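Structure assessment
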Amino acid sequence: MLAKSTDTLPVADDLLYEPKWDGFRAIVFRDHGREAPGSNGSVYIQSRDLRPLDRYFPDLHDVFLRALPRGCVLDGEIVIATPGGLDFDALQLRLHPAASRVAMLAKQDPASFVAFDLLAVGGRSIMAEPQAARRAALEKLLAKVKPPIHLTPVTRDHSIALRWLEEFEGAGLDGVVAKLANIPYQPGRRAMMKVKHARTADCVVAGFRWHKSGKDAVGSLLLGLYDDAGVLQHVGVTSSFSMAVRKALVKELAPLRKDAIKDHPWREWAGAAAESSRMPGAHSRWSAGKDLSWQPLRIERVCEVKYDHLQGDRFRHAATFLRWRPDKRPADCRYDQLEVTRPYELDRVFSSGSSGS
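Owing to the predicted nature of the structure, the values given are computational and were not obtained by experimental measurement.

A look at the environment of leucine 138
- In this fold, leucine 138 is placed in helix H4 (residues 131-141).
- Residue class for leucine 138 comes out buried when judged on its relative accessible area of 0%.
- Residues leucine 138 and alanine 120, 18 residues apart in the sequence, show an inter-C-alpha distance of 9.6 Å.
- In this structure, leucine 138 is in contact with Leu74, Ala115, Phe116, Asp117, Leu118 and Leu151, ignoring residues within four places of it in sequence.

Printed below as a string of structure tokens:
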């Protein structure tokens, strides 16, 4: 069951509000029909796109075997909790082909699982039961579990949910989700609503990538911000364009391509087989071999984008293009324009409103 975005947190008597966790969505099957006779049962961890995650989270696999009763299926989020909040970068590092590397990371930064729905209990599917009933069953099932398994907080109080939206971001959370209390579990459907933080920033447009269709359309613009040392850092991309706009951008940006690499602050990355995520042409485990080569532009253009939050010093998700800012100088596009989030302790999040108040 998925969530659709909305600009404001909805108000209704039949809504359950939960924090939106920033991790890997996962379905956990405890005894899914593959266990050997006489064994302690089995666990299967499945990603949202139906891929197995067990090999990347052996620490959680063992915890689920010990802590969860046989015959249950949980929906939730895999996260890595640190003293500074959730760490999505550390989570991404787990997607490594070497089992020894994964084992080392599991020991160094153990993962946690935050449960927010129950699909089966005692070997019986309860997906047809209403959300409120599944929540009550989930609370009963996890009444005695201990970290790293957590039960997500929930409330029916709109004012509390608004406070969560404001405060929990400081612990690395992603917003608030609203669920209708009377609906069944609906796999693949956007039956929930999510509200995320929306902020704007003026960014340098330092380059672009071609669209997958070819060199007749721009795929994304590469965004930069200047740090305190005056160095232009790559902070993310924006790619929210229609195909007509993508094709128009090819002509619009053409003059900025002339001699762009000569004095470009990222010129050492051009054509490099980059490893660092700071490099615009870098490949990551998420890129799955896609062509991420980039085309430099002279540092002359500024655009305003909408973003939700930062992960370290980069936009956590792709930003949304709003408009060009011809009135802004590239040198004025600095990190210090960004809103600073007040830190918030994760332990306080886990202990908030977990009884449906």
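Section: the side chain of arginine 30
- Within the secondary structure layout, arginine 30 lies in strand E3 (residues 24-30).
- Here aspartate 31 takes part through its side chain, which lies 2.8 Å from a polar atom of the side chain of arginine 30.

Looking at the nonpolar core
- By size, the foremost hydrophobic cluster in this structure holds 33 residues, and its most contacted members are Leu221, Leu223, Leu253 and Phe315.
- Going through the elements one at a time, strand E13 (199-211), strand E14 (214-226), strand E15 (232-238), helix H6 (243-257) and strand E17 (302-307) are the ones with two or more residues in this core.
- In terms of residues, this core owes the most to one element, E13, which gives 7 residues.
- Residues in contact with leucine 253, not counting those within four places in the same chain, are Phe208, Val218, Leu221, Leu297 and Trp324.
- Counting 32 residues, the second largest nonpolar core, distinct from the first, contains Phe24, Ile45, Cys72 and Leu151.

Let's talk about the pairing of E17
- Among the 6 residues in E17, 5 count as buried, and that is most of the element.
- As judged from the 6 bridges shared by E13 and E17, these two strands associate in the antiparallel manner. Its bridge partner lying in E17, valine 204 is registered against valine 302.
- Pairing analysis gives 4 bridges linking E17 to strand E20 (residues 320-324), with the strands arranged antiparallel. Within E20, the position partnered with glutamate 304 by the bridge is arginine 323.

A few points about the state of the cysteines
- Counted under the stated rule, the structure contains 0 disulfides.
- You can see cysteine 333 has no disulfide; the closest cysteine sulfur is in cysteine 203, sitting 6.5 Å from it.
- Residue class for cysteine 333 comes out buried when judged on its relative accessible area of 1%.

Remarks on helix H3 (residues 99-108)
- Along H3, the positions that sit buried rather than exposed are Val102, Leu105 and Ala106. Along the axis of H3, the buried residues cluster in a sector spanning 105°; they form a single face. What points out from H3, more than 90 degrees from its buried face, is the exposed set Ser100, Lys107 and Gln108.
- Summarising the contacts, the buried residues of H3 are in contact with helix H1 (58-67) and helix H2 (88-93).

Let's talk about the layout of surface pockets
- In this structure, the second largest pocket occupies an estimated 530 Å³ of space.
- Listed by contribution, the elements that provide at least two residues to the lining of the second largest pocket are strand E7 (85-86) and strand E18 (310-311).
- Partitioned by chemical class, the residues of the lining of the second largest pocket number 11 nonpolar, 9 polar and 6 charged.

Rules of the game
Residues numbered from 1 in each chain as written. Predicted model: local features only at pLDDT ≥ 70, side-chain atom pairs only at ≥ 80, totals over all residues. Heavy atoms only, no water. Helix = DSSP H or I, 4+ residues; strand = E, 2+ residues; numbered from the N terminus. Buried < 20%, exposed > 50% of the residue type's maximum accessible area, 1.4 Å probe, protein only. Contact = heavy atoms within 4.5 Å. Polar contact = N/O pair within 3.5 Å; in protein donor to acceptor, adjacent residues only side chain to side chain. Core = buried A, V, L, I, M, F, W, Y, C linked by side-chain atoms within 4.5 Å. Pairing = 2+ DSSP bridges. Disulfide = S-S within 2.5 Å. Arc of directions from axis to C-beta. 1 Å grid on protein atoms, 1.4 Å probe; cavity = no way out; pocket = protein on both sides within 12 Å on 5 of 7 lines; lining within 4 Å. Points joined across faces, edges and corners; volume = space filled by probe spheres on them. Nonpolar A, V, L, I, M, F, W, Y, C, P; charged D, E, K, R; others polar.

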